[in-house]
Amino acid sequence: MSECAQIIAVLKRSLKARGTTYRDLAQAVGLSEASVKRIFSEETFSLARLEQICTALGLSIVEVAKMAAQQTTPGGQQLTIEQEQTLADDTRLLACFHLLINGHEPADIANELDLTERDLRRLLVKLDAVKLIELQPKMKVRLRTSNVIVWRSNGPVRRAYEQQVKREFLQSDFSGRNESISFASAELSEASTKILARKLEVLARDFAELAALDAGLLDKEKRSTGLLLALRPWVFSMYDGVRKKA
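Because the structure is predicted, anything quoted here is derived from the model rather than measured. (Residues numbered from 1 in each chain as written. Predicted model: local features only at pLDDT ≥ 70, side-chain atom pairs only at ≥ 80, totals over all residues. Heavy atoms only, no water.)

Engineer: Please explain the nonpolar core as it appears in this structure.
Structural biologist: Nonpolar side chains tend toward joint burial in soluble globular proteins. Core analysis: the largest hydrophobic core is formed by 21 residues, its most contacted members being Leu 87, Cys 96, Phe 97, Leu 100, Leu 124 and Leu 127. Elements with a minimum of two residues in this core: helix H7 (91-101), helix H8 (106-112) and helix H9 (117-129). With seven residues, the single largest contributor to this core is H7. Counting residues in each nonpolar core, the second largest holds 20 residues, with Leu 11, Leu 15, Ala 26 and Cys 54 among its members. (Core = buried A, V, L, I, M, F, W, Y, C linked by side-chain atoms within 4.5 Å. Buried < 20%, exposed > 50% of the residue type's maximum accessible area, 1.4 Å probe, protein only. Helix = DSSP H or I, 4+ residues; strand = E, 2+ residues; numbered from the N terminus.)

Engineer: What is the right way to look at the pattern of salt bridges in this model?
Structural biologist: Pairing of side chains with opposite charge becomes possible as their charged atoms draw close. Scanning the model with the defined rule gives eight salt bridges in all. Note that Asp 90 is salt-bridged to Arg 122, the shortest N-O span being 3.8 Å. Taken as a pair, Asp 90 in the loop between helix H6 (81-88) and H7 and Arg 122 in helix H9 lie far apart in primary sequence, 32 residues in all. Residue Asp 90 is classed as buried on the basis of its relative accessible area of 14%. (Salt bridge = Lys/Arg side-chain N within 4 Å of Asp/Glu carboxyl O.)

Engineer: What should I look at first to understand the pairing of strand E1 (residues 133-136) in this one?
Structural biologist: Looking along a regular strand, one sees the side chains alternate between the two faces of the sheet. Note: E1 against strand E2 (residues 140-143), four bridges, orientation antiparallel. Within E2, the position partnered with Gln 136 by the bridge is Lys 140. Hairpin remark: E1 followed by E2, antiparallel, with three residues in the connecting loop; positive phi at Lys 138, about 60°. (Pairing = 2+ DSSP bridges.)

Below, the structure written as structure tokens:
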């Protein structure tokens, strides 16, 4: 994908994340809806027009360029077994990588994880060695992965942390700000179940796109957020005690 196409992809994700239509954007920048659609389809942005569009989306050109520079994969990316094992074997390394893919700068990571400069360099060198990042001069970092990682279903990271994550995540009444939970159980056909599974895949891709988009925001403008999606054939064990015995 060209650099111009990457920038346009970021702008499109920004429109989607904000619920802004081409018509809304056209009104904000003083163009017709058809003109805005043509600009996006033909990738004919002048710097002045790009600045107008970024401003309408509450972004700067620098922020958009930074987001575009970060490699992203729709729906998230899967690492190699070797890369996952390296992360699973070192808690601080996994924490460092998690913060990097969420847009944190190395200096901020050192402060958050209480690392010395030597410790931080050791972690970054290790991430570079397994090709998760490219370590540049003055401890600058370029990601070599997507901002969203899809951990292998029976891979090293999930084997090490999955049960703990599920337990901790569900220890809430989900009544706080930006918290929500919904559970439903019903008898569904195979066709209906497949439809729901596809809808969950779409939601997972939306989450990945928004995460990639927000990775470029300042730390104070975002917070760590979890989304749990699950679907399976299931019967509540309560029925075991009331069903007719065979």
